[in-house]
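Close look at the chain arrangement
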Amino acid sequence: MLPAPAQREGLWLEPQAGVSQVPGAGVEPAGQTEEAAGTRATRAFGGAGDDQPGMVDGRSFRLFNVLDDFNREGLGMEVDLSLPLARVMRSLEQIIQWRGKPRVIRCDNCPEYISGALLTWAEREGTRIEHIQPGKPQQNAYVERYNRTVRYAWLATTLFDTIEQGQDKATRWLWTYNHARPNMALGGITLAMKLAMAA
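Residues numbered from 1 in each chain as written. Predicted model: local features only at pLDDT ≥ 70, side-chain atom pairs only at ≥ 80, totals over all residues. Heavy atoms only, no water.

**Let's talk about the layout of surface pockets**
Taken as a whole, the largest pocket encloses approximately 230 Å³ of empty space. Every residue lining the largest pocket is counted, 16 residues in all, and those nearest its centre are Gly74, Leu75, Trp98, Leu174 and Asn178. Contributions of two or more residues to the lining of the largest pocket are made by β3 (74-80), α5 (163-179) and α6 (191-198). The dominant element in the lining of the largest pocket, judged by the number of residues it contributes, is α5, at seven residues. In terms of residue class, the lining of the largest pocket is made up of eight nonpolar, six polar and two charged. (1 Å grid on protein atoms, 1.4 Å probe; cavity = no way out; pocket = protein on both sides within 12 Å on 5 of 7 lines; lining within 4 Å. Points joined across faces, edges and corners; volume = space filled by probe spheres on them. Helix = DSSP H or I, 4+ residues; strand = E, 2+ residues; numbered from the N terminus. Nonpolar A, V, L, I, M, F, W, Y, C, P; charged D, E, K, R; others polar.)

What follows is the structure, encoded as structure tokens:
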């Protein structure tokens, strides 16, 4: 069941590039800090050349994450070597078919999200695009925290032979994140429980 439309404010979009090789299960190791203020989540967290490959052959890959603003639920996670705007829009269309149209899609100012093509697509879909202010990653706090959880929960500990393996791992992890992992910011309930309570 979905929350009432008045409760579904919008979605967060976030591209994430590369991987980190720091072990952990959603907990930031001591001495590690988040990226410095003013950096964008579109910057690589690692990858080929940083001695932190995401694939066995040394290539890094990108993630495209979509979160529901209401309950912080992960609605989608795409994994590939590149994620062009056409792929982003196709993923959003699939999520909209599944969950309905959000009033707002919030995103950062990376090139994919400031393009006229995305703004035209959003207008056609009846959805407003809101960009966070440049240099203000705290306006993207849910997604920044989510990306950090993704990095330390499985990206940091897993190398993949193929992109398909990475997508399979992402899909399975996303289901666990939404249905089995308690969220302390929601009082220790799962994201799926929060959604069911709102129905």
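**So, helix α4 (residues 141-153)**
Between its terminal C-alpha atoms α4 stretches 18 Å, which fits the 18 Å expected from 13 residues at 1.5 Å a residue. Where α4 is concerned, the buried positions are Val143, Glu144, Tyr146, Asn147, Arg148, Thr149, Val150, Arg151 and Tyr152. (Expected span 1.5 Å × (residues − 1). Buried < 20%, exposed > 50% of the residue type's maximum accessible area, 1.4 Å probe, protein only.)

**Quick look at the environment of Met89**
Mapped onto the fold, Met89 is located in helix α1 (residues 85-99). You can call Met89 buried: its relative accessible area is 17%. When the C-alpha positions of Met89 and Ala117 are compared, they lie 9.5 Å apart, and in sequence the two are 28 residues distant. If we skip the residues at most four places from it in the chain, Met89 touches Ala117, Leu118 and Trp121. (Contact = heavy atoms within 4.5 Å.)

**Considerations on the packing of aromatic side chains**
All told, the structure shown has five aromatic pairs when counted by the stated rule. Ring geometry for Tyr146 against Tyr177: centres 5.1 Å apart, planes inclined by 75°, an arrangement best described as edge-to-face. Taken together, the residues span a long stretch of sequence, with Tyr146 in helix α4 and Tyr177 in helix α5 at a distance of 31 residues. In terms of burial, Tyr146 and Tyr177 fall into one category: buried. Chaining the aromatic ring pairs together yields one cluster made of Phe61, Trp154 and Phe160. Geometry around Trp98 places Arg99 over its ring, the cationic atom sitting 5.0 Å from the centre. Directly above the aromatic system of Phe70 lies the positively charged group of Lys194, at a separation of 5.1 Å from the ring centroid. (Phe/Tyr/Trp six-rings, centres within 6.5 Å; stacked < 30°, edge-to-face > 60°. Lys NZ or Arg CZ within 6 Å of the ring centre and 35° of its normal.)

**As for the packing of α1 against helix α3 (residues 116-125)**
Where α1 meets α3, the closest approach of the two axes is 11 Å, and the angle between their N-to-C directions is 20°. Taken together, α1 and α3 sit at an angle that is classed as roughly parallel. Once α1 is placed against α3, the crossing between them reads as right-handed. Listed contacts from α3 to Leu85, Met89, Leu92, Glu93 and Ile96 of α1 are Ala117, Leu118, Trp121, Arg124 and Glu125. (Axes fitted to C-alpha atoms, helices over the stretch in contact; angles between N-to-C directions. Parallel < 35°, antiparallel > 145°, perpendicular 65-115°, else oblique. Left-handed = near helix turned anticlockwise from the far one by under 90°.)

**Section: the pattern of salt bridges**
For the structure shown, the criterion picks out eight salt bridges. Between Arg99 and Glu73 there is a salt bridge whose closest N-O contact spans 2.7 Å. With Arg99 in helix α1 and Glu73 in the loop between β2 (62-68) and β3, the pair connects residues that are 26 residues apart, well separated along the chain. By the burial criterion, Arg99 is buried, and Glu73 matches it. Taking the shortest distance from any N to any O, the salt bridge between Glu78 and Arg87 comes out at 2.7 Å. Take Glu78: its relative accessible area is 18%, and that puts it in the buried class. (Salt bridge = Lys/Arg side-chain N within 4 Å of Asp/Glu carboxyl O.)

**Regarding the confidence of the model for the protein chain**
Scored by pLDDT, the protein chain comes out at a mean of 74, with 73% of its residues at no less than 70. The secondary-structure element of the protein chain with the lowest mean pLDDT is strand β1 (residues 10-17), recorded at 55, while α5 shows the highest, at 94. Confidence drops under a pLDDT of 50 for residues 1-8, and excluding neighbours within four residues, the segment shows 22 contacts in the predicted structure. pLDDT under 50 marks residues 17-53. Its contacts with residues more than four places away, or in other chains, come to 92 contacts. (pLDDT = per-residue confidence, 0-100.)

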